[in-house]
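Fold and geometry: a report
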Amino acid sequence: MKMVRRVAFNLFAWSVVGLVAFPLIWMVITSVKPQFELFRIPPTFLPETVTFEHYWTLIYDTPFLKYMRNSLLIAFGTTLVVIVVATLGAHSLVRFRYPGRERLAQLVLFTYLLPSVVLVLPLYLLMVWVGIANSLFSLVVAYTTFALPYALWLLRSFMQGIPDDLEAAALVDGATRMEAFIDVILPQALPGIISTSLFTFILAWNEYLFALVLVNTDEARPLTTGVMNMLISSFNIEWSLLMAASVMMSLPLVIIFAFLSSYLTRGFGAGGVKG
Amino acid sequence: MSDIVFSGVRKAFGSAIALHGLDLTIRSGEFVSLLGPSGCGKTTTLRMLAGLEFPTQGTISIGSRVVNDVPPGKRDIAMVFQSYALYPHMSVAENIAYPLKKRGMPRAERETRVKAAAETLQLGALLQRKPRQLSGGQQQRVALGRALVRDPVAFLLDEPLSNLDAKLRAHMRAELIELHRSLGKTFVYVTHDQLEAMTMSDRIAVMNEGVLQQFATPKEVYEAPANTFVATFIGSPSMNMFEGALADGVFSHPALRVPVTPEASGHGSRLLLGVRPEDMTLGAGPLNGTIRVVEPSGHETIVLLDFAGTTVTVRAPPDMPLGIGSVLACDVKSSRLHLFDAVSGLRIAARFGAALPPA
């Protein structure tokens, strides 16, 4: 009886997983099928011949690698800026007493009251006016504006869990405020910082609308708009190349998750402080 | 030479006043307790001395140096927190070494000092552990170790024993007394537990609602409380108060009369006569109380008596027959009575005669 239930449960769980993962599996399979096999009726599930030609085409004959580089720079740049500003900002919102502190924290969330479509044009004009339009930097700035409020709140709640006494003890022990922050607060907030970085990175990696409006040169185009621009036109969609590009776009996220998910769970487990 | 002096120190948090003008001198090498109920300003006082809060007014000096603007790390004081505040990601050895590291002490010397401190506190076997792998008592020792490794001018302790169980607390109390004696350093100890303050201190600063009530030796605080707050806060069960008036050299309350000679004039007409539970004798005497409640605790029995509407607590021997509702004859030790002004609450020095039966 117990055995039957376990088998049934496993069957159910795996069928859900299969259902959710099917588009991904289909994407990978499609990317290694030769072009002529794609539109065959009835369709084949496993490819009759496996080919990596689409990958080679993307890498050697298109600006794919350039887009990849742009995406990596933008995503890492945004994550770096957001984390530095948000950790210091959250620390200030938690530890320092100044008038309007709570109001300020709430005000930060006003960014999310307006749909991004409304914000993107003024932002574009602003970028032109400042003179950074059409650059990687402009995207880093734009993504920071909408990732920062959320990161600030996420880190703030993490930091509220760190006892005040820890920082006080470090100060009495002879640390400066900055040293106390680095030696004591940062290690305690690390799980929070990692999950916030993850969130910010994914956001910057997947963003489409701002990239579409703010940037129109291959020099600064990230993968999302770059691949779209390159492979999808009104008359034709390069399915094979699109699937190969999609697989390669997903890889960095898969790798990051594979590394950090174990760190995340370990970090959360170690977070307890007695007292 | 390194006295700690508070002069006119006021602290306000917005409109809430935590401390109203504190003047206090702690002599070098002294063990001083700041004692009072929660919210009395004792922790604020300690945190200001540590440099974690800033006085709104007044000055704080350590030795001859005014430290109002000196950051905590440069005041040459060490602090033990109620929560211990051990750095969770560092080992015991790293925790103890942290203040030395921040002072730029070379590694070799650091290690020697950490070892010596660990030896003193019997932490030698635990140096590589993380704080969460230690018991409460061990964490407490690490916190102490982090304080004494630096050899500071003064140790500030903020309710360091309140998270320990009763048995360990008694043990650590004895260890702290021992430590104070062997180090000869100034200890400033914040507590709301009068037993800790009475047993450990050279002097006690009793505080209430941001005002220093009395600063004196434990014996003096117990035997000559400066006002009704100190009188009822120190001692358990607390001091009994009879409210009455003085006429023709006799204090009268509906249930007792006592001849009183005040040593100074200028007090009001409504007075309070204070008697500690341990200063009442039972079985014979001119006073009669009705037994209301009997609380046996093994080595003694606490009895609540009704004296013409005033409830009075007394200590009775465990074998004394006590029937609820029956009348018990008592007397007071006239050498151990206290007199206070009922309005201002201040102590009135006086000599007392033997108690008389009520008129």
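Residues numbered from 1 in each chain as written. Chains lettered and ligands numbered in written order. Predicted model: local features only at pLDDT ≥ 70, side-chain atom pairs only at ≥ 80, totals over all residues. Heavy atoms only, no water.

**Observations regarding the pattern of salt bridges**
Residue and element names in this part refer to chain A.
- Following the criterion strictly, the structure yields 28 salt bridges over all chains and no others.
- Between R156 and E102 there is a salt bridge, with its nearest N and O atoms 3.3 Å apart. Taken together, the positions of R156 in helix α7 (residues 136–160) and E102 in helix α5 (residues 101–107) put the pair 54 residues apart, joining distant regions of the chain.
- Several salt bridges share partner residues, and in doing so they unite R95, D164, E167 and R177 into one network. (Salt bridge = Lys/Arg side-chain N within 4 Å of Asp/Glu carboxyl O. Helix = DSSP H or I, 4+ residues; strand = E, 2+ residues; numbered from the N terminus.)

**Examining unusual backbone geometry**
- In this chain, I41 of chain A is followed by P42 of chain A through a cis amide linkage whose omega measures -5°.
- Locating P42 of chain A in the fold gives a position in the loop between α2 (35–38) and α3 (53–61).
- For the bond from S236 of chain B to P237 of chain B, the omega torsion is -5°, close enough to zero to count as cis.
- Its place among the elements puts P237 of chain B in the loop between α8 (228–233) and β11 (240–247).
- Unlike most non-glycine residues, D76 of chain B shows phi in positive territory, near 60°.
- Structurally, the position occupied by D76 of chain B is in the loop between β5 (65–66) and β6 (77–80).
- Even without being a glycine, D248 of chain B presents a positive backbone phi close to 55°.

**Observations regarding helix α5 (residues 166–183) of chain B**
Residues and elements named next belong to chain B.
- Helix length check: α5, at 18 residues, gives a terminal C-alpha distance of 26 Å against a target of 26 Å (1.5 Å per residue), a fit within 8%.
- Within α5, burial applies to M172, R173, L176, L179 and H180. In a view along the axis of α5, the buried residues occupy a sector of 130°, so they form one face of it. Those residues of α5 that are exposed and angled more than 90 degrees off the buried face are K167, R181 and S182.
- Buried residues belonging to α5 abut β3 (31–35), α3 (107–120), α4 (136–148), β7 (154–158), β8 (186–191) and α6 (194–200).
- Phi turns positive, to about 65°, at G184, one or two residues after α5. (Expected span 1.5 Å × (residues − 1). Buried < 20%, exposed > 50% of the residue type's maximum accessible area, 1.4 Å probe, protein only. Arc of directions from axis to C-beta. Contact = heavy atoms within 4.5 Å.)

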